[in-house]
Amino acid sequence: MTTARSRRTPRRGVEASEAPYPLLRNFLTLILPIVAALLVALVIAAASALTTIVERAFQADATRRHAHILATLATDAPDALAQLSRGEPLNLTDTVRVRGLLGEEAARLDLSCISLAAPDGSVLLVNGVACPNPTPDQVARLRDQIERQLSTPGASIFRQIREPIPAWLVASVPQADNDFPVIVATFQDAGPQQGVISTTTIAWVGGLAAALLLATGAAVVLIVRAQREIDRRTAALNSTRDALARFVSNHVRANVLAEAPARRSESTVLFMDIRDFSSFADGATPEQAAALVRKVAEIGFNAVLSQGGDVDRLLGDGLVARFDGPARCDNAYAAAEEILTAIRKAKTPRAVGIGLIDGVVVEAIIAADDRADATILGRTVNLGARLCSAAGPGEVVAAAAIPHPVRGRLVEIGVETLALKGHRSPLDARRYALRVSDRI
């Protein structure tokens, strides 16, 4: 008899199909929020950096202007500058003179206000109506800041002023060739600078954000396509695995997936074979022979599976099945009874014989080159095949060591000792058949 892998339908207890890897879902729920948060943080950081760069550039430019203003005063009003640096109040003539020079510089440099103060901040000389009118508390804080940050030539501070107009204040102690350090403070309308910042921020940050959004969109499109390909391939793999799974038993699948080594187990083995199939096949068409084998195999499969067994393999015109667990013998009897009953109801042109035996079997994977097969082996399996060969049409031959069936319609029709081919010791067996009243 030729050996073929058994076909079966997926059922409860068999491992479920593999789900496709949720690449798109993980990207949308895990990666994309992080990317979005980083994008927002990057935009905020870029805007802040641009603002800082513009403010520092303005501060550096203002300090250069302060040096020019102080150089002009040192040339055109040196005595007044010396008095101011010593903290001495100016007379009316010097005050008018200095304010006129400061007004000219303010107009030339497009400044809202220019202020001069002694190093300790005690004397304040301002030019322009847009200059802020500080309160005593503001003056105290300004002097404290002057003492801490403007104690040496070349130092400068930057502040944003809200009143009387939004303006930027830069105060510095310019490096000068004379010995009279003076604090120079300039106020300038912040509107133009803020406009530059806004335009630059929108241009750079907007362009950066657009590029990142395009990159993220492209990544989403690629991931969507990758997810579709993953889904397609997973479905194809599941379909292929389900198709191949029909040809292997549950135990084979479990052992292969777990990479289990060969092992022994207690099982009840059922052999089923069509009686006198060779003579039927000689006189029948190939289609008729195949139809008989297909019908008997279907009946055998359904009976074994319905009783909790597992079809190990097909044997041309028969099959080998196994039953495990405490009730394995009763389940094997029930499956044999169901097979005989279904065969008689189907009125197939040939009946079947069944052999039953309980004992130790070896579960092993047999491989040669690129081919592999997994099955049960051992003396118990060989004896089961011999018992099946000894069974007549519509009979079950069971090893005497197996207890009598506790339920069903199988009746014992004989007890005998069989001399089995290939085995020295004879084997006691019982022969069963359906009750006469149950035969169809």
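Please read all numbers here as calculations on a predicted model, not as lab measurements.

A. Expanded view of the overall build of the protein. Within the protein, the regular secondary structure consists of 10 helices and 13 strands. In the protein, which comprises 440 residues, the proportion classed as buried is 40%. Sequence separation of 24 or more characterises 68% of the internal contacts of the protein that already satisfy a separation of 6 or more. Total accessible area on the protein is roughly 23900 Å²; 58% of this is exposed by carbon and sulfur atoms.

B. Just the environment of Pro-33, in detail. Relative to the elements of secondary structure, Pro-33 occurs in helix α1 (residues 23-76). With residues near it in sequence (within four places) discarded, Pro-33 still touches Phe-27 and Leu-28.

C. Geometry of the packing of α1 against helix α3 (residues 92-109). Where α1 contacts α3, the two axes come as close as 11 Å, and the packing angle between them is 145°. For α1 against α3, the interelement crossing comes out right-handed. Taken together, the residues of α3 that come into contact with α1 (itself represented by Arg-65, His-68, Ile-69, Thr-72, Leu-73 and Asp-76) are Arg-97, Val-98, Leu-101, Leu-102, Glu-105, Arg-108 and Leu-109. Looking at the contact of α1 with α3 residue by residue, the classes come out as six nonpolar, two polar and five charged.

D. Examining the packing of aromatic side chains more closely. Taken as a whole and assessed by the stated rule, the structure comprises five aromatic pairs. On the basis of an interplanar angle of 70° and a centroid distance of 5.4 Å, the ring pair of Phe-158 and Trp-168 is categorised as edge-to-face. Linking Phe-158 in strand β3 (residues 156-161) with Trp-168 in strand β4 (residues 167-172), this pair joins segments that are 10 residues apart in sequence. On the numbers, 6.4 Å between centres and 40° between planes, the contact of Phe-277 with Phe-280 is tilted. You can see Phe-277 and its partner Phe-280 sitting in helix α7 (residues 277-283), three residues apart, about one turn around the helix. The residues Phe-277 and Phe-280 share a single accessibility class, namely buried. Each residue in the set Phe-58, Phe-158 and Trp-168 is aromatic and connected to the rest through ring pairs, giving one cluster.

E. Highlighting the nonpolar core. Among the nonpolar cores identified, the biggest contains 54 residues, and Leu-270, Met-272, Ile-339, Val-352, Ile-354, Leu-356 and Leu-387 are the most heavily contacted of them. Ignoring any residue separated from it by four or fewer positions in sequence, one finds Met-272 in contact with Val-296, Gly-300, Gly-318, Leu-319, Ile-339, Val-352, Gly-353, Ile-354 and Cys-388. The next biggest cluster of nonpolar side chains, apart from the first, holds 18 residues, and it includes Ala-77, Ala-106, Val-182 and Val-184.

F. Geometry of helix α9 (residues 328-346). Here α9 spans 27 Å end to end across 19 residues, near enough to the 27 Å set by a 1.5 Å rise per residue. Lys-347 occupies a position one or two residues after α9 and carries a positive phi of about 55°.

G. Up close: unusual backbone geometry. In this model, Asp-110 sits at a positive phi of 60°, which is unusual for a non-glycine residue. Examined against the element boundaries, Asp-110 turns out to sit in the loop between α3 and β1 (113-117). Phi at Asp-276 is positive, roughly 55°, even though this residue is not glycine.

H. Summary view of the pattern of salt bridges. All chains considered together, the criterion is met by 17 salt bridges. Between Arg-313 and Asp-312 there is a salt bridge whose closest N-O contact spans 2.6 Å. Accessibility assignment for this pair places Arg-313 and Asp-312 in one class, buried. Arg-431 is the partner of Glu-416 in a salt bridge, and the nearest nitrogen-oxygen pair spans 2.7 Å. In this pair, Glu-416 is assigned in strand β12 (residues 410-418) and Arg-431 in strand β13 (residues 427-434), connecting sequence segments 15 residues apart. The network of salt bridges with common partners includes Arg-263, Arg-322, Asp-324 and Glu-363.

I. Here's a closer look at the environment of Gly-308. Among the secondary structure elements, Gly-308 is positioned in the loop between α8 (286-306) and β7 (310-314). Residue Gly-308 is classed as exposed on the basis of its relative accessible area, which comes to 58%. Sequence spacing of Gly-308 and Arg-328 is 20 residues, and the spatial spacing of their C-alpha atoms is 8.5 Å.

J. Up close: the side chain of Arg-431. Arg-431 gets classed as buried once you look at its relative accessible area, which sits at 14%. Contact partners of Arg-431, with chain neighbours within four places excluded, come to Ala-390, Ala-391, Gly-392, Glu-395, Val-396, Val-397, Val-411, Glu-412, Ile-413, Gly-414 and Glu-416.

K. Highlighting the environment of Val-396. In this fold, Val-396 is placed in strand β11 (residues 395-399). Its relative accessible area of 0% is what places Val-396 among the buried residues. As for Val-396 and Arg-431, which are separated by 35 residues in sequence, their C-alpha atoms are 5.7 Å apart. Apart from the residues within four sequence positions on either side, Val-396 is in contact with Ala-336, Leu-340, Ile-354, Leu-356, Arg-430, Arg-431 and Tyr-432.

Cut-offs used in this document
- Residues numbered from 1 in each chain as written.
- Predicted model: local features only at pLDDT ≥ 70, side-chain atom pairs only at ≥ 80, totals over all residues.
- Heavy atoms only, no water.
- Helix = DSSP H or I, 4+ residues; strand = E, 2+ residues; numbered from the N terminus.
- Buried < 20%, exposed > 50% of the residue type's maximum accessible area, 1.4 Å probe, protein only.
- Contact = heavy atoms within 4.5 Å.
- Areas by Shrake-Rupley, 256 points an atom, 1.4 Å probe, with all protein chains shown as cover.
- Axes fitted to C-alpha atoms, helices over the stretch in contact; angles between N-to-C directions.
- Left-handed = near helix turned anticlockwise from the far one by under 90°.
- Nonpolar A, V, L, I, M, F, W, Y, C, P; charged D, E, K, R; others polar.
- Phe/Tyr/Trp six-rings, centres within 6.5 Å; stacked < 30°, edge-to-face > 60°.
- Core = buried A, V, L, I, M, F, W, Y, C linked by side-chain atoms within 4.5 Å.
- Expected span 1.5 Å × (residues − 1).
- Salt bridge = Lys/Arg side-chain N within 4 Å of Asp/Glu carboxyl O.

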